[in-house]
Amino acid sequence: TYVAAAGGYIVVSIKKIGALYTLLAQVAAAFDNKLLPSGVGVLGLNVAYLHKNNYTPTEATTVTAVNSLAAFVSFSLLFITALAFGGLSNSTIKMPEIPLWAIGLVLAALIIIAVVLIKNASIRAKIKHTLTQAVDTVKAYKDHPFRLVGAVAMATLVTFAYLLALYASARSLGVSIGIAEIFFVYVLGALATAAVPTPGGLGAAEAALYAGFVSYGVEPGLALSAVLAYRFITYWLPI
């Protein structure tokens, strides 16, 4: 996972960055992710790392965002592929409904942001300047399309590495469900990790993975053992 994550930044970076230091940055980012919630540590550290490698703060943020977008594209393609192979055919998983208060909170935040932008010309000017720099950075990828393809490929390798770890953890304890079903269990864990503001999704990830296994008919005690083995290998053991 660390090597693939480093490869993603190396191929997506238009400016030259060192392979070894990029790898070390991803190892450091992994520890940040265990201290800060929902990937904030990973994003922040990578922006700082790129800034140290002759990127402006806006350029560094844009490159990090492009790499994150590549990861999203990769995840979406894998999700569609799993659907095509019938990963939900025997599942009773139900996606949770978004509560009305959460929608209202988002709308209120958007209204406040709009009012601030309307009232404050200097903030609008700064945002315009930042967006111009970001657009210029994105336009540079027109001459480097294979960098985007490479970033998607590296993100896919990261997902496959975690997916293989979850599959191996389950199989080692006798859980006999297919790779497509394992992927949907992994998706639940990933969504919980992103949605809950605890370091590395601690607590929420375990609960979501457990629920996913049980929904596919895995005996509860066995499901819990598989989840604990996976989280030990991918979360606690690196520490």
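Residues numbered from 1 in each chain as written. Predicted model: local features only at pLDDT ≥ 70, side-chain atom pairs only at ≥ 80, totals over all residues. Heavy atoms only, no water.

J.: Got a sec to walk through the nonpolar core? Specific residues and values, please.
T.: Core analysis: the biggest nonpolar cluster contains 21 residues, and Leu166, Val175, Ile177, Ile182, Phe183 and Phe213 have the highest contact counts within it. When contributions to this core are tallied by element, the ones reaching two or more residues are helix H4 (57-84), helix H7 (145-172), helix H8 (179-195), helix H9 (204-215) and helix H10 (220-236). Those residues in contact with Ile182 that sit more than four places away from it in its chain are Leu163, Leu166, Tyr167, Ala170, Ile177 and Phe213. If you look at the next biggest cluster of nonpolar residues, it comprises twelve residues, including Val12, Ile17, Tyr49 and Val66. (Core = buried A, V, L, I, M, F, W, Y, C linked by side-chain atoms within 4.5 Å. Buried < 20%, exposed > 50% of the residue type's maximum accessible area, 1.4 Å probe, protein only. Helix = DSSP H or I, 4+ residues; strand = E, 2+ residues; numbered from the N terminus. Contact = heavy atoms within 4.5 Å.)

J.: Residue-level account of the pattern of salt bridges, with values.
T.: For the structure shown, the criterion picks out two salt bridges. Notably, a salt bridge pairs Glu206 with Arg231, separated by 2.9 Å at the nearest N-O pair. Residue Glu206 is located in helix H9, and its partner Arg231 is located in helix H10; the two are separated by 25 residues in the primary sequence. Residues Glu206 and Arg231 agree in their burial class; the two are buried. (Salt bridge = Lys/Arg side-chain N within 4 Å of Asp/Glu carboxyl O.)

J.: Lay out unusual backbone geometry in plain terms, naming residues and giving numbers.
T.: Although it is not a glycine, Asn54 sits at a positive phi angle of roughly 70 degrees. Here Asn54 is to be found in the loop between helix H3 (40-51) and H4. On the basis of relative accessibility, which here comes to 66%, the residue Asn54 falls in the exposed class.

J.: Before we move on, can you summarise the packing of helix H1 (residues 2-12) against H7 with the specific residues and values?
T.: Two numbers describe how H1 lies on H7: the axes approach to 8 Å, and their chain directions differ by 170 degrees. Comparing the axis directions of H1 and H7 gives the class roughly antiparallel. In this structure, H1 contributes Ala4, Ala5, Gly7, Gly8, Ile10, Val11 and Val12 to the contact, and H7 contributes Arg147, Gly150, Ala151, Met154, Leu157 and Val158. Grouping the amino acids of the contact of H1 with H7 by side-chain chemistry returns nine nonpolar, three polar and one charged. (Axes fitted to C-alpha atoms, helices over the stretch in contact; angles between N-to-C directions. Parallel < 35°, antiparallel > 145°, perpendicular 65-115°, else oblique. Nonpolar A, V, L, I, M, F, W, Y, C, P; charged D, E, K, R; others polar.)

J.: Let's hear about the packing of H1 against H4: which residues, and what values?
T.: It is the contact of H1 with H4, at a shortest axis distance of 10 Å, that shows an interaxial angle of 125 degrees. For the element pair H1 / H4, the angle class is oblique. Handedness of the H1/H4 crossing: right-handed. Note on element contacts: H4 touches H1 through Val63, Thr64, Val66 and Asn67, opposite Gly8, Tyr9 and Val12. Grouping the constituent residues of the contact of H1 with H4 by class yields four nonpolar, three polar and no charged. (Left-handed = near helix turned anticlockwise from the far one by under 90°.)

J.: Give me H1: which residues, what numbers.
T.: For H1, the set of buried residues is Ala4, Ala6, Gly7, Gly8, Tyr9 and Val12. Packed against the buried residues of H1 are helix H2 (19-33), H3, H4 and H7.

J.: If you had to explain the packing of aromatic side chains to someone new, which residues and values would you point to?
T.: Tallied over the full model, the rule gives five aromatic pairs. Ring centres 6.4 Å apart and planes at 45 degrees place the aromatic pair Phe75 and Tyr186 in the tilted group. Separated by 111 residues along the polypeptide, Phe75 in helix H4 and Tyr186 in helix H8 bring together distant segments of the chain. On the basis of relative accessible area, Tyr186 is assigned to the buried category, the value being 12%. Ring plane angle 35 degrees and centroid distance 6.4 Å describe the contact between Phe183 and Tyr186, whose orientation is recorded as tilted. On the criterion of helical spacing, the pair formed by Phe183 and Tyr186 is a turn pair, its members being three residues apart in helix H8. (Phe/Tyr/Trp six-rings, centres within 6.5 Å; stacked < 30°, edge-to-face > 60°.)

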